[in-house]
Structures are given as structure tokens and as C-alpha cells.
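Understanding the architecture of this molecule
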Amino acid sequence: MEQDNPRANYIINFYNFINNINLSHKFMQLLQSHPCAYMLNYNQLFTDEAKKVFMFLEFTRDRDPCNKLAEILTESGQSGAAQQLREYNRSEQPMPYQDQINLDVNRAIILRSATTRWYKMDSNPRGRAVIFVQDIKYTNEPIVVNLDNEGLRFKHIFDQLGYDTQIHMRKSCTEIMSILIEYATSEHPGDSFIMMFTGHGFNGNICGNDNYEHDVLPIQNVLDLFSEKNCLALQSKPKVFLFNCCRESM
């Protein structure tokens, strides 16, 4: 239940929902297979009502653990409650498409990541973000798509999230790699790093702006550059790589 509005609806109806939950022997046995089962030792002395509050708050914070809890409810004979939980775990409808650059970011109420719930993310700036924007040229057609606004839109988003953001337009693969090497080998006082590529790609490669078919850079080379071994400054820090490009063969 990773999105704030669905979770808020769940909390509003929380006590009515858990009143119908039966902590049967079978349910508690099946619960041992849940990814959050390591928390069960915390609530051995709780009353049944307190156990339900604890489990159905902690075990539902993220989408996959919430779905697993619904499966356990079904297997324990509580299919009605399982279906209710799945309804609460649905995603919000995507926002309507907008062509404007300045999109406002609504910050999450609770920061979390899987069962760890959050990374340390209180530095200012939060980290560095680098965006590469290339043109897209359609094969056999004299059409070139300019993606400048797409790059500016994501710069605006990352800036709102507290990142020191730089955008690079129409670079060759040699230039892209040179820029990335500088990022990978320099100090990172922030708590995270984001790299985004928007342009053309194929066969696991991204394409430079000089020659769409022959100026290519394997995505794996980019990832290897920022591995734990090769990028000491970002060890144990979250690194996000976004490749907005085609993957199929040319």
C-alpha cells in the first residue's frame, strides 16, 4: 500500500476492517511465510486486538507484502477480508497527461523502502541527479523528435525533490561516458544518486546523438561504472538509473 491516498482510505476504515479478521491457528501458521514475519516476535505478549493492529499496519506498508497478506487470508478461509485488502491496495488512477514543464511534486507522507521502510535521506542537497536528453530519429523517416521539454520537466521534478540536478543535451556516447566517469569518481556528499537517459536505444544500448546506429553505449557499462566496487563514494547509498528508450532490435 505504497501510495498515500489509498493508505489514508485504509486507515479511515481500519478498525471496521480488522474487526472481521480471525487470528486462527491456520492464519498464524501461514503468517510465518510472510516477508515481515520476523516482526512477529515483537508482539507475543499483545492481546489479539493489539496483534491485529500491529500486523495489519506493519505488514501492509508496501504493495508486495500487502498482497502476500491477502493470499494468507484467502488460504486461511477469510476470502472476504482478503478481497477487501486487495481493494485497499489498488493504485491510484494515473494523472491526466499534461504537456507543461513545471509539474508540482506532492511529497510522500511516509518514506519507506520494502521492509526497511526508509533510507537515510536527510542531506541537503539530497544527492546529485544527471539527465541526458537526446533527439529521437525514426528509422527510414526524415523525422526527428525534440525531447528538450521532457528533460526540463524531469529537472524540475528532481529539483523539487532536493537534488542538485544537471541536464546534458545531445551528447555523443564518448561525452556521456566522460561525464559519468566524473560523477562516479568524484565525492558525493549527498545521500543518493540519480541518472536518467531519454532518447534512442536498442539491444541493451543507448545511442549518442552523433550517429544513431553506430554511436552506442551498453547500458551494462553505465551500471558497472557505479557498482559498489568501482564507485566507492556511493557505496551503500541508493542509486537510481532510468532509461527511457527502446530495447528491441533495430
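That block above? That's the structure.
Criteria and cut-off values
Residues numbered from 1 in each chain as written. Predicted model: local features only at pLDDT ≥ 70, side-chain atom pairs only at ≥ 80, totals over all residues. Heavy atoms only, no water. Axes fitted to C-alpha atoms, helices over the stretch in contact; angles between N-to-C directions. Helix = DSSP H or I, 4+ residues; strand = E, 2+ residues; numbered from the N terminus. Parallel < 35°, antiparallel > 145°, perpendicular 65-115°, else oblique. Left-handed = near helix turned anticlockwise from the far one by under 90°. Contact = heavy atoms within 4.5 Å. Nonpolar A, V, L, I, M, F, W, Y, C, P; charged D, E, K, R; others polar. Pairing = 2+ DSSP bridges. Buried < 20%, exposed > 50% of the residue type's maximum accessible area, 1.4 Å probe, protein only. Arc of directions from axis to C-beta. Core = buried A, V, L, I, M, F, W, Y, C linked by side-chain atoms within 4.5 Å. Salt bridge = Lys/Arg side-chain N within 4 Å of Asp/Glu carboxyl O. Expected span 1.5 Å × (residues − 1).

**Points about the packing of helix 5 (residues 63-75) against helix 6 (residues 79-88)**
Put simply, helix 5 and helix 6 touch, their axes get as near as 7 Å, and they point 165° apart. Judged by the angle between their axes, helix 5 and helix 6 are roughly antiparallel. Note on packing geometry: the crossing formed by helix 5 with helix 6 is left-handed. When helix 5 is examined against helix 6, the residues Cys66, Leu69, Ala70, Glu71, Leu73 and Thr74 are found in contact with a partner set consisting of Ser79, Ala81, Ala82, Leu85 and Arg86. For the contact of helix 5 with helix 6, the class distribution of residues is seven nonpolar, two polar and two charged.

**Things to note about the sheet that holds strand 7 (residues 205-207)**
Taken together, three strands build an open sheet; the order of strands is 6-7-8 and the sheet is antiparallel. Strands with a single pairing partner mark the edges of an open sheet, and in this sheet they are strand 6 (201-202) and strand 8 (216-218). Bridge count for strand 6 against strand 7 is two bridges, and the pairing is antiparallel. When the bridges of strand 7 are listed, Gly201 appears paired with Ile206. Where helix 8 (residues 173-185) meets the sheet, its contacts fall on strand 7 and strand 8, and the angle it forms with strand 8 comes to roughly 40°.

**Side note on helix 6**
Taken together, the buried positions of helix 6 are Ala81, Ala82, Leu85 and Tyr88. Each buried residue of helix 6 lies within a common arc of 120° when the element is viewed along its axis, so the set occupies one face. Looking at the buried side of helix 6, the elements it contacts are helix 1 (4-12), helix 2 (14-18) and helix 5.

**Quick notes on the nonpolar core**
Core analysis: the biggest nonpolar cluster contains 27 residues, and Phe17, Phe27, Met55, Phe56 and Phe59 have the highest contact counts within it. For this core, the elements supplying multiple residues, two or more each, are helix 2, helix 3 (25-30), helix 4 (48-58), helix 5 and helix 6. By residue number, the principal contributor to this core is helix 5, which donates five residues. Ignoring any residue separated from it by four or fewer positions in sequence, one finds Phe56 in contact with Tyr10, Phe14, Phe17, Ile18, Ile21, Phe27, Leu69 and Leu73. One finds Val130, Cys173, Leu180 and Phe193 within the second-largest nonpolar core, a separate group that totals 21 residues.

**What to know about the sheet that holds strand 4 (residues 163-169)**
Pairing in this open sheet of four strands is parallel, and the strands run 4-1-5-9 from one edge to the other. Each edge of the sheet is formed by a strand with only one pairing partner; in this case those strands are strand 4 and strand 9 (239-244). Strand-to-strand, the axes of this sheet are offset by a mean angle of 10°, without reference to chain direction. Relative to strand 9, strand 5 (residues 192-198) runs parallel, the two being bridged by six bridges.

**With respect to the pattern of salt bridges**
Oppositely charged side chains can form a pair if their charged atoms are brought close together. The tally for this structure, following the rule as stated, stands at eight salt bridges. Put simply, Lys239 and Glu228 hold a salt bridge, and the shortest N to O gap is 3.3 Å. In this pair, Lys239 sits in strand 9 while Glu228 sits in the loop between helix 9 (219-225) and strand 9, placing the two residues eleven residues apart along the sequence. By relative accessible area, Glu228 is classed as partly exposed at 39%.

**Focus: the pairing of strand 1 (residues 127-133)**
In terms of burial, strand 1 is largely enclosed, as six of its seven residues are buried. Pairing analysis gives seven bridges linking strand 1 to strand 5, with the strands arranged parallel. Among the inter-strand pairings, Val130 is bridged to a residue of strand 5, identified as Met195.

**Section: the pairing of strand 5**
The buried count for strand 5 comes to seven of seven residues, which makes it a mostly enclosed element. Covered by surrounding structure in strand 5 are Ser192, Ile194, Met196 and Thr198 together with Phe193, Met195 and Phe197, the residues of both alternating faces.

**Details of helix 8**
For helix 8, with 13 residues, the first-to-last C-alpha span of 18 Å sits near the 18 Å given by 1.5 Å per residue. Listed as buried for helix 8 are Cys173, Ile176, Met177, Ile179, Leu180, Tyr183 and Ala184. Projected down its long axis, helix 8 shows its buried positions confined to an angular sector of 165°, all on one face. Exposed side chains of helix 8 directed beyond 90 degrees from the buried face belong to Thr174, Glu182 and Thr185.

Interpretation note: all reported values are geometric properties and have no functional meaning in isolation.
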